[in-house]
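# An overview of the molecular structure
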Amino acid sequence: MEHASKFVYVYDHSDSEDVDLDDPDEPSSVKSPAAGASVQKSHSSGEEDDDSATVPQAPVQQSPRTSAPKKKKRVREADPNIVTFKFSKLVDPSHMQTGDPIACTECSACLSQLSELRDAAGEGKTWRCEFCDKENLLPHFSEVQKPAEEDVTYMVEPAPAVQAGQPVGFDESVVVFCIDVSGSMGATVQGPGNQYISRLDGVKMAIDQQLTKLCQDYPRRRVCLIAFESRVQINGDCSAMPVALTANYDNAQAVMDEARGLSSLRPVSETAGTIRERVRRMRTLGSTALGPALAAALSIAIQTPGSQVIMCTDGLANVGVGSLESSDQVHTAEPFYEQMKDLAKQHGVSISIISIEGGDCKLGQLGILADATGGQVNIVDPLQLRDEFGSILESRVLATNVRATLYLHRGLYVRYETSMVNVVTRDVGSVTGDQEITFEYGVRRGQTDARGAVSEATGGDEAEKTKEENGATKVWNPVDELEWLPFQLQLRYTAIDGSKAVRVFTQRRNMTRDRAEAEESVNLRVVCTHAVQQTAGLAEFDCFTNAQAYNVGMARKLGLWKKETDSDRKVSSAYEGYCEGLVENVRRARGSSPTRSELCQMAAPLSRADDKVANAVYRAKKKAFFS
């Protein structure tokens, strides 16, 4: 785990400030506060972040040349209480712990190197959980059961036995190139030397280059070629004649059953030549049977965990299951794409969606597939497809069925959850080395009234006692009596070899009540990564105003936290460049945000957004930035 600060910042009150989202000088990247509109700060007595408060300005008399009064958005003043984890760490060595993890009977946090054990009255030990304060009795405890390292792994289930004669240590996963060859793929763009190439020509060049690279680096990987227009054509490894699927295209299971029998594939080192020749002969015609093609591609890929589906298209699915041309079809197609997403996650297959620049394929809907399976989403110029294909093939799935659970001390809580909880689980799905998960946390605080009632922001379970401070009755927080706080991240996952494991990271952080001390040496990379992901996360559910307000508020602090070092200058410059595109798309979408009642009725809110907005959001949600 990486923390944004050396300290946990423990505060008594949460400060807030007003930001003007419509001011053209308002900073949307790393600038000092003086560079944008003025900051109006206020104290919040409780721990309500005021993420949704809009502050109207008093009405004024308008002259013909006076602009209308603007609304301001109130945001919480940012602090460095942020922790992140890079999934690339999963390939780093870890201490293998014997036995099963010992978990707290109250909150399920694991016994760790931080845990203090005491002799029980009878046989065994007692352990008071560092996170929830529950006293646990360990009747048959052995010292070898207590981890000595902050990073330990428990093997839950070994890998399935390898069949006799099967090669060991070779990557034999499948790459399925699922290529749109409908009529619109014949549209041309101007290339070098004033030559015009079609969108399909760009795809052909990209596949040709990646076949060469696969032969060099992964000669035992297998490649399957699928082309789709009004029909779905299975080329396999191109050692036989192509087969056009005849199953009912409105029946996903029928399509999968037929495609599964056409999946005999040899290593790419043996088939690259015939695949190249088949790719060169591809021609454009017809409509876009994207849904049936996706079902066929998955039926082949799921037979080998760690495989990849790369779907390249420039238009809306409009033939068979998964059609997206009308709003009614979008609603009807949702169960199909959910089924495909869950199937890919279950079998450790990543799905990447490449949309050709100038097309419209409803990335808000299709991007869900990539977001859940560790794939990539992008809108690409046909001339840049070679680089994009290469990036996808290098981004390999490290683990599947990943569930990440963060444990905080009961005096803290994870921000931006549906309730104020100190334990949160995220179903991450398949992960690659360029993904990162981030969390922002706060301190449980609030005020009591004359009767001792606790404000909703604090939560009654933490109001164990109160004390007088500066004439006010303050709710006591258990962190007030501590010097450090524990953090634990539990990762439950299935490795590519089929083994199942639990990896546990446990750390401690000293506390400070001095904001200046907490902000003295901020890890800008951690903050910037979280800021981009959180902005995208809010935008994903059409909270575009909140997304922009969060980005502006965080940008103000980044300008203050940035140090004059090469690393900070590099990170802040990259953040500024990345956020420029993300925030611009959020700004464009802000005007069409739905009401709360509309939002509650939407299964996938981002499906309303245009492709550029969806692309910006999905690309920002999980990626590890600024490494």
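Everything here concerns the structure above.
What comes next concerns the included structure.

How each quantity is defined
- Here the residue numbers are simple positions, counted from 1 along each chain's written sequence.
- At least 70 in pLDDT is required for a residue's local features to be given in this predicted model, at least 80 for side-chain atom pairs to be given and counted, and no such filter applies to totals for whole chains, interfaces and linings, which use all residues.
- The side-chain figures draw on all heavy atoms in the structure; neither hydrogens nor water molecules are used.
- The way it works is that DSSP assigns letters per residue, a run of H or I at least four long becomes a helix, a run of E at least two long becomes a strand, and they are numbered from the N terminus.
- Type-normalised accessible area, obtained with a 1.4 Å probe on protein chains alone, sets the label of each residue: buried when under 20%, exposed when over 50%, and partly exposed for intermediate values.
- For helices, the fitted axis covers only the stretch in contact; all axes are lines through C-alpha atoms, and the angles between them, taken along N-to-C directions, range from 0 to 180 degrees.
- Each angle is binned into one of four classes, with values under 35 degrees roughly parallel, values over 145 roughly antiparallel, values of 65 to 115 roughly perpendicular, and all other values oblique.
- We call a crossing left-handed when the near helix sits turned anticlockwise from the far one by less than a right angle, and right-handed when that turn is clockwise.
- Whether two residues are in contact is decided by their heavy atoms, any of which lying within 4.5 Å being enough.
- Residues are grouped as follows: Ala, Val, Leu, Ile, Met, Phe, Trp, Tyr, Cys and Pro are nonpolar; Asp, Glu, Lys and Arg are charged; every other residue, Gly included, is polar.
- Two N or O atoms form a polar contact when they lie within 3.5 Å of each other; inside protein one atom must be a possible hydrogen donor and the other a possible acceptor, and for residues adjacent in sequence the pair counts only when both atoms belong to side chains.
- In summary, the pairing rule links any two rings of Phe, Tyr or Trp, Trp by its six-membered ring, whose centres are within 6.5 Å, and it sorts them by plane angle into stacked for under 30 degrees, edge-to-face for over 60 and tilted for everything else.
- Any Lys NZ or Arg CZ that is within 6 Å of a ring centre and within 35 degrees of that ring's normal is treated as a charge sitting over the ring.

So, about the environment of Thr535. Assignment of secondary structure puts Thr535 in helix H9 (residues 524-540). What makes Thr535 buried here is its relative accessible area of 0%. Sequence-wise, Thr535 and Ala547 are 12 residues apart; in three dimensions their C-alpha atoms are separated by 4.7 Å.

Our next topic: the packing of helix H1 (residues 199-217) against helix H7 (residues 385-394). Two numbers describe how H1 lies on H7: the axes approach to 8 Å, and their chain directions differ by 40°. Relative to H7, the element H1 is oriented oblique. Helix-helix and strand crossings are classified by hand; for H1 and H7 the assignment is right-handed. Contact residues: Arg199, Gly202, Val203, Met205, Ala206, Ile207, Gln209, Gln210, Lys213, Leu214 and Asp217 in H1; Leu385, Arg386, Phe389, Gly390, Leu393 and Glu394 in H7. Residue composition of the contact of H1 with H7, grouped by class: eight nonpolar, four polar and five charged.

A few words on the packing of helix H4 (residues 290-301) against helix H5 (residues 327-347). The angle between the axes and the distance between the axes are what describe a pair of packed helices. At a minimum axis distance of 11 Å, the contact between H4 and H5 shows a crossing angle of 20°. The angle between the axes of H4 and H5 places the two elements in the roughly parallel class. As H4 runs across H5, the sense of the crossing is left-handed. Residue-level contacts link Leu290, Gly291, Leu294, Ala295 and Leu298 of H4 to Phe336, Tyr337, Met340 and Ala344 of H5. Tallied by class, residues from the contact of H4 with H5 come to eight nonpolar, one polar and no charged.

What follows deals with the side chain of Arg221. Summarising the element assignment, Arg221 is placed in the loop between H1 and strand E16 (222-228). Of note is the side chain of Arg221, whose polar atom sits 2.9 Å from the side chain of Gln308. With residues up to four places along the chain from it excluded, the contact list for Arg221 reads Asp171, Glu172, Ser173, Val174, Val175, Leu214, Pro267, Val268, Gln308, Leu393 and Arg396.

What follows concerns the side chain of Ser350. Checked against the element boundaries, Ser350 lands in strand E20 (residues 350-356). A relative accessible area of 2% means that Ser350 is categorised as buried. In this view, Ser350 contacts Ser307, Gln308, Val309, Thr373, Gly374, Gly375 and Val397; residues no more than four positions away in its chain are not counted.

Further remarks concern the packing of aromatic side chains. By the definition in use, this model includes seven aromatic pairs. Their ring planes at 50° and their centres at 5.5 Å tell us that Tyr9 and Tyr11 sit as a pair that is tilted. Exposure remark for Tyr11: the relative accessible area of 3% places this residue in the buried category. Centre to centre, the rings of Phe85 and Phe505 are 4.9 Å apart; their planes meet at 55°, and the pair counts as tilted. Of the two residues, Phe85 is situated in strand E7 (residues 82-86) and Phe505 in strand E29 (residues 500-512); the sequence distance between them amounts to 420 residues. Judged by its relative accessible area of 2%, Phe85 falls in the buried class. Members of the aromatic cluster, connected to one another through ring pairs, are Phe85, Phe87 and Phe505. The lysine or arginine in question, Arg221, covers the ring of Tyr218, its NZ or CZ lying 5.6 Å from the ring centre. When the ring centre of Tyr218 is taken as reference, the NZ or CZ atom of Arg396 above it lies at 5.7 Å.

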